[in-house]
2 protein chains.
Amino acid sequence: MIYKTLADRIRHNKPVVLLTIIHGPNIGATLLATPNLENLGTLGDAELDRVAVRDALGELEAGRTSVRSYGPSGQVTPEDLHDTPTVRVFVESFSPPPQMIIFGAVDFTAALAKVAKVLGYYVLVCDAREVFATKRRFPMADEVLVTWPTPVLTARGSDLGPRDAICILTHDPKFDVPAIQGALATNVGYIGVMGSRKTHAKRLERLTEVGVTDRKDLDRLMSPIGLDIGSRTPEETAISICAEIIGRRVGRVVPSLRESSGPIHK
Amino acid sequence: MIYKTLADRIRHNKPVVLLTIIHGPNIGATLLATPNLENLGTLGDAELDRVAVRDALGELEAGRTSVRSYGPSGQVTPEDLHDTPTVRVFVESFSPPPQMIIFGAVDFTAALAKVAKVLGYYVLVCDAREVFATKRRFPMADEVLVTWPTPVLTARGSDLGPRDAICILTHDPKFDVPAIQGALATNVGYIGVMGSRKTHAKRLERLTEVGVTDRKDLDRLMSPIGLDIGSRTPEETAISICAEIIGRRVGRVVPSLRESSGPIHK
């Protein structure tokens, strides 16, 4: 039953994660988990099932396969490894990794791409300026494209969903405006746009000029991008962007720059 | 004057950062910046000075030397690179990198060490269990020590200051309690301790037993560790910890798990 459901979901390109105990009591026990359906099977302990499924759905969201260790009832780290048997669970994710498309090959791009890779994203960097958009400047990116936003989003936009992110770091209205228009035409889960509050205000004017005025559309834009944690360097900004993506995905109330006022850097 | 002050500060092991224009108008112009003193020199534009010094102090805090690009008045990315001359500034930090000591060689450790490395930390991983604390499991760490917290903090605690962080991920009171006691005896800027709210409550009891009851001491502990952004995986947790470190360093009001209630994972 587990393997039939697993095969069905893989065949229909739907995410699913299989948990198998590879060490400890109940070795070989399997559990199949999906984001919205009931679990199939059990690892032999209700609390272990709950904790391991929670972790496995996180791994599935990142498209990652891994081995996790627990105490017999799902303790994250057993209190005493010498006395307590450890359960090791093989977590097999069947899911493409989430995608992050970064528009703009700027100083902040490399830092954001690095942090996104730690989180398991497939990272695409795109800029129309071929001297900047090079694999040499962004060795950590999975793909670097020299092109404009519209063709990229026309070609790939329909693949983007709630797990994916578009980050627009260009600061250049020639590039920002079509990138935002293209992003809004997709179901991407996160759209962040970099810039000072002044740049943001100007950008809103330009968006109005091209007809982007729908409140629902504007509500999707995280601009200025990132959490209001006082980031200064590109690396700190990358952390603030990824923390905003994580927090908004699960619906936490996070202190986004969008919701605060005053200068971003103090 | 600039070079005399630079030499003096280096000689006394005090952080200082030297900015030099290496491309654009005013090539060769220098400015010396320190966290608490007036700048010496100028890059030739007051607004460029302000923006470049802000960035340079961030780089200094991370102990990083880099080249940054600006518009002539400090624009982060020039609006049109073809028409506007770009100013490239060589930022030389004279400062040891900040340190992060991670107690506990657990699943979360590798993810935290990876993100900390992106932020420029010197990362030390410490655990008393030699099968877990290996360079092979933590190739990204600068140092992996098989020992208990007390000797490490006795030997190195006096070097720790506001830029540094101690993260205690062990979940084991045998290890947590001496790590917390040792950390509180230093001037380290951030002390985070992992665990559920239940573990946190039990830990407070044990700390009371060993005499850690001072409100000022307990206020220094970020426990449960990290921002309340709904992190699930080790990598997401690493982002939430680093975002908390950044936010608290600059005194932002950030939604720490410590200040919220209810289960950490929903």
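Before reading further, recall that the structure is shown in the block above.
Below you will find a few notes about this structure. Just so we're clear, the structure is a prediction, and the values are computed from it rather than from any experiment.

1. So, the overall build of chain A
For step 1, the next point in the chain: Each helix and strand in chain A was counted, giving eight helices and eleven strands.
For step 2, the next point in the chain: Considered along the principal axes of its C-alpha atoms, chain A spans approximately 65 × 45 × 40 Å.
For step 3, the next point in the chain: Counting only residues that meet the buried cut, chain A has 55% of its 266 residues in that class.
For step 4, the next point in the chain: Sequence separation of at least 24 residues holds for 57% of the intrachain contacts in chain A that already meet a minimum separation of 6.

2. Remarks on the pattern of salt bridges
For step 1, the next point in the chain: The full count for this structure, using the stated rule, is 34 salt bridges over all chains.
For step 2, the next point in the chain: Across the pair D176(A) and R203(A) runs a salt bridge whose closest N-O atoms are separated by 3.0 Å. Separated by 27 residues along the polypeptide, D176(A) in helix α5 (residues 173-184) and R203(A) in helix α6 (residues 197-209) bring together distant segments of the chain.
For step 3, the next point in the chain: The class of D176(A) is buried, set by a relative accessible area of 2%.
For step 4, the next point in the chain: Note that E47(B) and R50(B) form a salt bridge whose closest N and O atoms lie 2.9 Å from each other. Taken together, the residues span about one helical turn, with E47(B) and R50(B) both in helix α2 (residues 46-62) at a distance of three residues.
For step 5, the next point in the chain: Salt bridges sharing common partners tie together R54(A), D55(A), R68(A) and D107(B).

3. Description of the side chain of T30(B)
Residues and elements named next belong to chain B.
For step 1, the next point in the chain: Structurally, T30 is set in strand β2 (residues 30-33).
For step 2, the next point in the chain: Residue classification places T30 among the buried positions, given a relative accessible area of 18%.
For step 3, the next point in the chain: Every residue in contact with T30, bar those within four places of it in the chain, is listed here: I2, Y3, L18, L19, T20, L40, G41, T42 and L43.

4. What to know about the environment of Y190(A)
Residues and elements named next belong to chain A.
For step 1, the next point in the chain: Take Y190: it is sitting in strand β10 (residues 190-193).
For step 2, the next point in the chain: What makes Y190 buried here is its relative accessible area of 3%.
For step 3, the next point in the chain: When sequence neighbours within four positions are dropped, the list of residues in contact with Y190 reads D164, A165, I166, C167, M222, I225, G226, I241, E244 and I245.

5. Brief notes about the relation of the copies chain B and chain A
For the pair of chain copies, the relating transformation is a rotation about an axis with a translation along it.
For step 1, the next point in the chain: Once chain B has been moved 0.0 Å along the axis and rotated by 180°, it coincides with chain A to within an RMSD of 0.1 Å. The transformation just described matches what one would write down for a two-fold rotation axis.
For step 2, the next point in the chain: When the interface residues of chain B are mapped onto chain A, 98% of them are again interface residues, pointing to one common binding face.

How each quantity is defined
Residues numbered from 1 in each chain as written. Chains lettered and ligands numbered in written order. Predicted model: local features only at pLDDT ≥ 70, side-chain atom pairs only at ≥ 80, totals over all residues. Heavy atoms only, no water. Helix = DSSP H or I, 4+ residues; strand = E, 2+ residues; numbered from the N terminus. Buried < 20%, exposed > 50% of the residue type's maximum accessible area, 1.4 Å probe, protein only. Contact = heavy atoms within 4.5 Å. Salt bridge = Lys/Arg side-chain N within 4 Å of Asp/Glu carboxyl O. Least-squares fit on C-alpha atoms with pLDDT ≥ 70 in both.

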